[in-house]
Amino acid sequence: MTRIHPTAIVSPEAQLGADVVIGPFCVVYDNVIIGDGSVIEAFCEIGYPTPRADGKPLCIGKGGRIRSHSLFYEGSTFGDNLITGHRVTVREGTTAGENLQIGTLDDIQGSCVIGDFVRFHSNVHIGQLSTIGDFVWIFPYVVLTNDSRPPSEHLVGASIGDYAAIATMSVVLPGVKVGANTLVGAHSLVGKDVPDGMAVSGSPAKIMCEASQLKLKDGTGRQAYPWINHFRRGYPEEVVSRWLDELQARQQQREA
Amino acid sequence: MTRIHPTAIVSPEAQLGADVVIGPFCVVYDNVIIGDGSVIEAFCEIGYPTPRADGKPLCIGKGGRIRSHSLFYEGSTFGDNLITGHRVTVREGTTAGENLQIGTLDDIQGSCVIGDFVRFHSNVHIGQLSTIGDFVWIFPYVVLTNDSRPPSEHLVGASIGDYAAIATMSVVLPGVKVGANTLVGAHSLVGKDVPDGMAVSGSPAKIMCEASQLKLKDGTGRQAYPWINHFRRGYPEEVVSRWLDELQARQQQREA
Amino acid sequence: MTRIHPTAIVSPEAQLGADVVIGPFCVVYDNVIIGDGSVIEAFCEIGYPTPRADGKPLCIGKGGRIRSHSLFYEGSTFGDNLITGHRVTVREGTTAGENLQIGTLDDIQGSCVIGDFVRFHSNVHIGQLSTIGDFVWIFPYVVLTNDSRPPSEHLVGASIGDYAAIATMSVVLPGVKVGANTLVGAHSLVGKDVPDGMAVSGSPAKIMCEASQLKLKDGTGRQAYPWINHFRRGYPEEVVSRWLDELQARQQQREA
């Protein structure tokens, strides 16, 4: 059963799935489609109207949880199991896959393409036109930029490959391609493309080594990257089992 | 006609101009003057009381739009056509010109002087006592500091010249003067004054070249700075025509 | 007398001390203990429920002021005289001493230990498992990290010694110990332990000098660190008089 808190202001035109919960002091605008079982917490604004959305709705899939004080514009689409932190701001024109996690204070500027199982930690800024693969991790205070000569009309988004990890307070410059299975160290300024599998760091960022050469610091000596080697918290069983198959295949390749 | 949402809490002492709109779940305090046609969106707090304002009101000019979840203290004055993003925090004692844009999550600490047509992108932090000229651009995660030996009582604001552009995640140290028509590259630490017209970058920032030597990356080979050469989005016709006159005058000077 | 704004939603199970004030549009959950005389301003959420708190309450001491739009999870404990800025987010499992100041937009991720008289300026991010001494200052956009190979399960918090000052936009890497009476310069990446009394800066941070060699820039030539030499704003008399005794004792030691 859908439960709307008596203090919430919900447009009669908003389309709410089964068992949707809308918390206190929420504002839900007209052009909104929310999937079954999704929860919108207190103080959220959902489907904030903008002419830039060209009339496209905000679509939130099934089983989502939008934490309190968050704001989503109309005109973006999110797959199932979206989870956000608090005070998230998401603008129009973005398409994201399933199982996205958006952190507290994140600011997604819109017109981005985001894959499945992406994890944004707190306070990241995803500039317009960014392209983000699957299973990407972006850590606090990372900014993906897009304006090659600020201010200009020449906007080119950054692109981040599958399984990449971008550590705290790094900036990725406009149009830069960060490859798959890469690591960008903390406090880096990434001005050049990062080839698949490499670890870079510094301001400006330079190649340190292959990411696979980095060991975990937990005393086990295990390989830290690709991180699917050791990190599985929060991923469903079928994903982890696919990873195990991949890792085994690589292992066999190496041995052959 | 003034429209106040029935859930908004508006002091009878607040002075609202003609056609002002106050959104849901807003709190408007006593010491507030809002110009004709301004819109205050949902969840805003306007005129937050503080003894540091010495009884001075918050003045917002005509035609402003304060986006949702924003907070303005009493004791600051903004010219006409102020536009903000969401979750803006603005403290007391600041005077700003016309056509200011403040981005989502910006934190203006108060006691600043800000010119006309300034553009703050998302998540900038403008320390107390900052002085900002006209037509300045400040990009995400830039911090203007003021404490020369933190913590101390010796606070000196940074000063940013007309038409300067400070790119993402740069820090300007206390008392530093960034000149007119300059560019500060992304992820820079600016500890020394930047002469007019120069481009600097790095941590610590060093002079790269004259900003006018930088070309646009859009394939046209046009000069990127001063950015009025090519960027006019959002400026009124009379401003752009003044710029065209200036550019022509410079061109003639160079040819003479 | 306790005053609860008529628009606030306060659980009857929440334990409010004498003279507590709850502002408009607040949500106060069940598992909350608020000390005498504390003020919760507008749009706050207090005691946000989480299974990770293991049923522990949120305890806020006496005389606190939680500024508007802030959010505290259940399961943390704060001493008397807590003061926050706006839009603060504080998660479960943290224990903090008395007279803590948390700045606007700060994000305290939980499971931290924080001493007495700590000052967080705006927009700092305190990662889980951080340990912070007494009288520490942390300036805007500083991030204390904890994941040694992100993402991994090997989380080790940073630790910050008494009277340390960490300037704007620095990152402290996981497990790093920043000693007592230290200064970390702005825009630094701190990857190695900082011995007591040293000043470091840069990305990566290197030792500059003993902090005590740095002079105030106010023209007096006074020693800038330890900052208790010259900075006393906002500290109670008994603290300042203890500092004066300490400074005198050091002076005598030096002379002996």
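Preceding block: the structure.
Residues numbered from 1 in each chain as written. Chains lettered and ligands numbered in written order. Predicted model: local features only at pLDDT ≥ 70, side-chain atom pairs only at ≥ 80, totals over all residues. Heavy atoms only, no water.

Student: Explain the overall build of chain A to me, please; I cannot follow it from the model alone.
Tutor: Of regular secondary structure, chain A possesses 1 helix and 31 strands. A compact globule built from 256 residues should have a C-alpha radius of gyration of about 18 Å, and chain A, at 19 Å, falls within 12% of that. On the principal axes, the C-alpha backbone points of chain A span a range of 60 × 45 × 30 Å. The 256 residues of chain A split such that 59% are buried. Within chain A, counting contacts between residues at least 6 apart in sequence, those at least 24 apart form 22% of the total. Counting every atom, chain A has about 9600 Å² of accessible surface; 50% of that belongs to carbon and sulfur. With 21 positive and 27 negative side-chain charges, chain A shows a separation of 8 Å between the mean positions of the two kinds. (Helix = DSSP H or I, 4+ residues; strand = E, 2+ residues; numbered from the N terminus. Rg over C-alpha atoms; globule rule 2.2 N^0.38 Å. Buried < 20%, exposed > 50% of the residue type's maximum accessible area, 1.4 Å probe, protein only. Contact = heavy atoms within 4.5 Å. Areas by Shrake-Rupley, 256 points an atom, 1.4 Å probe, with all protein chains shown as cover. Lys, Arg positive; Asp, Glu negative; His and termini not counted. Charge placed at Lys NZ, Arg CZ, Asp CG, Glu CD.)

Student: Sorry if this is basic, but what is going on with the relation of the copies chain B and chain A here?
Tutor: The relation between the two copies of this chain is a rotation about an axis and a shift parallel to it. Screw-axis analysis of chain B against chain A gives a translation of 0.0 Å along the axis, an RMSD of 0.0 Å, and a rotation angle of 120°. The superposition of one copy onto the other is thereby described by a three-fold rotation axis. (Least-squares fit on C-alpha atoms with pLDDT ≥ 70 in both.)

Student: What is the right way to read the sheet that holds strand S3 (residues 15-16) of chain A from this model?
Tutor: Each strand in a sheet pairs with another by means of backbone hydrogen bonds, the pair being arranged parallel or else antiparallel. Residues and elements named next belong to chain A. Taken in spatial order, the 9 strands make up an open sheet running S3-S6-S9-S12-S15-S18-S21-S24-S27, and their pairing is parallel. Edge positions in the sheet fall to S3 and strand S27 (177-178), since each of these pairs with one other strand and no more. Strand direction decides the pairing type here: strand S9 (residues 58-60) and strand S12 (residues 77-78), joined by 2 bridges, are parallel. By the bridge assignment for S12, Ile60 is matched with Phe78. (Pairing = 2+ DSSP bridges.)

Student: I would appreciate a short explanation of the interface of chain B and chain A in the present structure.
Tutor: For an interface, size is often stated in terms of accessible area lost upon the parts coming together. Opposite the 39 residues of chain B that make contact, chain A presents 40 residues. At the boundary of chain B with chain A, total buried surface from both sides reaches about 3000 Å², with 63% on carbon and sulfur atoms. When the shortest N-O distance is used, the salt bridge between Arg233 of chain B and Glu153 of chain A registers 3.0 Å. If you look at where chain B meets chain A, you find 18 residue pairs in polar contact (both at pLDDT 80 or more). Partitioned by chemical class, the residues of the side of chain B that touches chain A number 20 nonpolar, 12 polar and 7 charged. (Buried area = accessible area lost by both parts, 1.4 Å probe. Salt bridge = Lys/Arg side-chain N within 4 Å of Asp/Glu carboxyl O. Polar contact = N/O pair within 3.5 Å; in protein donor to acceptor, adjacent residues only side chain to side chain. Nonpolar A, V, L, I, M, F, W, Y, C, P; charged D, E, K, R; others polar.)

Student: Would you explain the pattern of salt bridges in this entry?
Tutor: Should the charged atoms of two oppositely charged side chains come close, the side chains can pair. Residues and elements named next belong to chain B. For the structure on display, the rule yields 12 salt bridges over all chains. Close ionic contact of Arg91 with Glu92 constitutes a salt bridge, the shortest N to O distance being 3.2 Å. Its relative accessible area of 5% is what places Glu92 among the buried residues.

Student: I tried to follow the pairing of strand S30 (residues 198-201) of chain B on my own but got confused; where do I start?
Tutor: As a general feature of sheets, a regular strand has side chains that alternate between the two faces. Residues and elements named next belong to chain B. By the bridge criterion, 2 bridges tie strand S28 (residues 183-184) to S30 in an arrangement that is parallel. Its bridge partner being in S30, Leu183 is matched across the sheet by Ala199. Hairpin connection of S30 to strand S31 (residues 206-210): 4 residues between the antiparallel strands, including Gly202 at a positive phi of 105°.

Student: Whenever I open this one, the environment of Phe78 of chain C confuses me. Can you help?
Tutor: Residues and elements named next belong to chain C. Within the secondary structure, Phe78 is located in strand S12 (residues 77-78). Taking the relative accessible area as the measure of exposure, Phe78 reaches 4% and is therefore buried. Every residue in contact with Phe78, bar those within four places of it in the chain, is listed here: Leu58, Cys59, Ile60, Gly61, Phe72, Val90, Thr94, Ala96, Gly97, Leu100 and Ile102.

Student: Help me understand the sheet that holds strand S23 (residues 143-144) of chain C in this model?
Tutor: Residue and element names in this part refer to chain C. Ordered in space as S2-S5-S8-S11-S14-S17-S20-S23-S26-S29, the 10 strands form an open sheet in which the pairing is parallel. The open sheet has two edge strands with one neighbour each: strand S2 (9-10) and strand S29 (189-190). Where S2 and strand S5 (residues 27-28) come together, 2 bridges link them in parallel fashion. Looking at the pairing, Val10 lines up with Val28 of S5.

Student: Please explain the side chain of His187 of chain C as it appears in this structure.
Tutor: Mapping His187 of chain C onto the fold places it in the loop between strand S28 (183-184) and S29. Among the polar contacts listed, one links the side chain of His187 of chain C to the backbone oxygen of Met169 of chain B, at a separation of 3.2 Å. If near-sequence neighbours (up to four positions away) are discounted, His187 of chain C is found in contact with His187 of chain A, Met169, Val171, His187, Ser188, Leu189 and Ser203 of chain B together with Thr168, Met169, Ser170, Gly202 and Ser203 of chain C.

Student: I tried to follow the pairing of strand S8 (residues 45-48) of chain C on my own but got confused; where do I start?
Tutor: Residue and element names in this part refer to chain C. The sheet contact formed by S5 and S8 spans 2 bridges and is parallel. Each bridged residue has a counterpart across the sheet, and for Val28 the counterpart in S8 is Ile46. Two elements, S8 and strand S11 (residues 71-73), share 3 bridges in a ladder whose sense is parallel. In the sheet register, Ile46 faces S11, and the bridge partner there is Phe72.

Student: Can you help me understand the interface of chain B and chain C in this one?
Tutor: Each partner contributes residues to the interface: chain B has 40 residues there, and chain C has 39 residues. When residues of chain B are sorted by the area they lose upon contact with chain C, Arg149, Pro150 and Pro151 of chain B head the list and together hold 24% of the total. The interface formed by chain B and chain C includes 1 salt bridge. Our enumeration of links across chain B and chain C arrives at 18 residue pairs in polar contact (both at pLDDT 80 or more). Within the side of chain B that touches chain C, the residues separate by chemical class into 20 nonpolar, 15 polar and 5 charged.

Student: Sorry if this is basic, but what is going on with helix H1 (residues 237-255) of chain C here?
Tutor: Since the α-helix packs 3.6 residues into each turn, any two residues three or four apart lie on the same face. Residue and element names in this part refer to chain C. End to end, H1 covers 27 Å across 19 residues, agreeing with the expected 27 Å (1.5 Å per residue, within 8%). Taken together, the buried positions of H1 are Val239, Val240, Trp243 and Leu247. Each buried residue of H1 sits inside an arc of 95° when the element is viewed along its axis, so together they form one side. Exposed residues lying more than 90 degrees from the buried face of H1 are Glu237, Glu238, Gln253 and Glu255. (Expected span 1.5 Å × (residues − 1). Arc of directions from axis to C-beta.)

Student: Explain the packing of aromatic side chains here, please?
Tutor: Two numbers describe a pair of aromatic rings. These are the distance of the centres and the angle of the planes. Taken as a whole, this structure holds 63 aromatic pairs over all chains when the rule is applied. Judged by centre distance (4.9 Å) and plane angle (5°), the ring pair of Phe135 of chain C and Tyr163 of chain C falls under stacked. Separated by 28 residues along the polypeptide, Phe135 of chain C in the loop between strand S21 (131-132) and strand S22 (137-138) and Tyr163 of chain C in the loop between strand S24 (159-160) and strand S25 (165-166) bring together distant segments of the chain. Look at Phe135 of chain C and you get buried, because its relative accessible area is 4%. Look at Tyr163 of chain C and you get buried, because its relative accessible area is 11%. Over the face of the ring belonging to Tyr73 of chain A we find Arg91 of chain A, whose NZ or CZ atom lies 5.7 Å from the ring centre. (Phe/Tyr/Trp six-rings, centres within 6.5 Å; stacked < 30°, edge-to-face > 60°. Lys NZ or Arg CZ within 6 Å of the ring centre and 35° of its normal.)

Student: For this particular structure, what's the right way to read the environment of Leu16 of chain A?
Tutor: All names here are of chain A. Of note, Leu16 is situated in strand S3. Exposure remark for Leu16: the relative accessible area of 24% places this residue in the partly exposed category. Along the chain, Leu16 and Ser38 lie 22 residues apart, while their C-alpha atoms are 8.9 Å from each other. Beyond its immediate stretch of four places on either side in the chain, Leu16 contacts Thr2, Ile4, Val10, Ile22 and Ile34.

Student: Teacher, can you tell me more about the state of the cysteines here?
Tutor: Two cysteines whose sulfur atoms are joined by a covalent bond form what is called a disulfide. Summed over the entire model, instances satisfying the criterion amount to 0 disulfides over all chains. In this model Cys44 of chain A remains outside any disulfide bridge; the closest cysteine sulfur is found in Cys26 of chain A, 4.9 Å from its own. Take Cys112 of chain B: it sits in no disulfide, and the sulfur closest to it among the cysteines is that of Cys59 of chain B, at 17 Å. (Disulfide = S-S within 2.5 Å.)

Student: Looking at this model, I keep getting lost on the side chain of Glu45 of chain C. Mind explaining?
Tutor: Note on placement: Glu45 of chain C falls in strand S8. No salt bridge forms around the buried Glu45 of chain C; measuring N to O, its nearest opposite-charge neighbour Arg87 of chain A is 6.7 Å away. If we ignore the near neighbours within four places in the chain, the residues touching Glu45 of chain C are Ala42, Phe43, Ser68 and His69 of chain A together with Val27, Tyr29, Ser70, Leu71 and Phe72 of chain C.

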